[in-house]
Amino acid sequence: MRPRLRGCLVGVAVAAGLCLTAVAVLRPGTNDPAPPEPAPTRTEIVSERRLDERRLELTIRSRALDATTKVRLLLPRGWESRTDWPVLWLLHGGLDDHTSWTARTDVEALTRGTGVLVVMPDGGRCGSYSDWWNGGEGGPPRWESYHLKELLPLLEARYRAGPRQAVAGYSMGGQGAMLYAAKGRFEAAASFSGALHILGPGVPQAVMAGTAIGCFGTDWKRIWGDPEEQREVWRAHNPYDLAGELKGVRLYVSAGEGDLVEDLANRAARAFAGRLEELGLPVRTHFHQGGHNHTSWQRELHRAYPLLMSAIGARPA
């Protein structure tokens, strides 16, 4: 069995591919592939499924992805009583999905007494929270466009999300949290073991290796191109290079030491924090002993939680 790097710093390592390797689906009784589904003409809700009192799972047909995708919500107590709940986005790491936060951490218990709407979208196995370069042609998958231009307005229009929002993520999702915060839509951002300097020593090589392991068959250059030939594309998706856009955002950055993947994340996080310091931008950091795993990320979410909630006007119980 192929070893699996949980959460894969592969926003680095697995950043390189969404694992959208083409697989032909055959029509029953024939050797002909089934025709592809027509591209969606608009973003729409395909289904809503209430899993329990708080968990609501949505299936969404996205134009930006040219596919259906899922998002899990944790509803605050009394959700129907107001239309402007503070929002916390939680982004997963490489090889994980929209269920990982609730399946592998105590986020349900942590947020139960807080008046906050928790949003956990799918970001692709190796999506890197980016609109893919695709050889300069663009096109799907466009994860950033889906999350910020389709899902976010949909949540505000139909699911009682207010304008005050924070974002946090682990590994690939930590990189995504800082990328999205640099767009100006979030008041606070937290990265746990995130790839915050994708042009740092050893990181581009980790992209190639992680793609080969985690998203077999996907060309790693589809996301941002070659790190030398398309260097400006890489810089446009590098939190280190976008640090100046985070002025006014409350920031939390953490990474551990304990395994090869986490050590790489640690170096990237320290470089990013150093860049913020050079720019005179405040950041709360926690560099610790711990591996690249959900035990560390749950602990770091607890540490960052008061800062995130304070920034959006929600109060932890």
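A brief report on the enclosed structure follows. (Residues numbered from 1 in each chain as written. Predicted model: local features only at pLDDT ≥ 70, side-chain atom pairs only at ≥ 80, totals over all residues. Heavy atoms only, no water.)

As a further point, take the overall build of the chain. Counting its regular elements, the chain contains nine helices and nine strands. Residue burial in the chain is summarised as follows: out of 317 residues, 56% are buried. Accessible surface computed for the chain: about 13,800 Å², of which carbon and sulfur atoms make up 49%. (Helix = DSSP H or I, 4+ residues; strand = E, 2+ residues; numbered from the N terminus. Buried < 20%, exposed > 50% of the residue type's maximum accessible area, 1.4 Å probe, protein only. Areas by Shrake-Rupley, 256 points an atom, 1.4 Å probe, with all protein chains shown as cover.)

Moving on to the pattern of salt bridges. A complete count under the given rule lists 15 salt bridges for this structure. Here Glu228 makes a salt bridge to Arg231, at a shortest N to O gap of 3.3 Å. According to the relative accessible area criterion, Glu228 is exposed, its value standing at 58%. Residues Arg235 and Asp241 are paired through a salt bridge, measuring 3.4 Å at the closest nitrogen-oxygen approach. On the accessibility criterion, Arg235 (37% relative accessible area) is partly exposed. Residue classification places Asp241 among the partly exposed residues on the basis of a relative accessible area of 29%. Salt bridges here are not isolated pairs; linked through shared partners, they connect Arg49, Glu57 and Arg72. (Salt bridge = Lys/Arg side-chain N within 4 Å of Asp/Glu carboxyl O.)

Glancing now at helix α3 (residues 143-158). Leu151 marks where α3 bends most, by close to 35°; the proline Pro153 follows one to four residues later. Within α3 the residues assigned to the buried category are Trp143, Glu144, Ser145, Tyr146, His147, Leu148, Glu150, Leu151, Leu152, Leu154 and Leu155. Of the residues flanking the end of α3, it is Arg160, one or two places downstream, whose phi is positive at about 65°. (Bend = angle between axes of the 7 residues up to and from the residue.)

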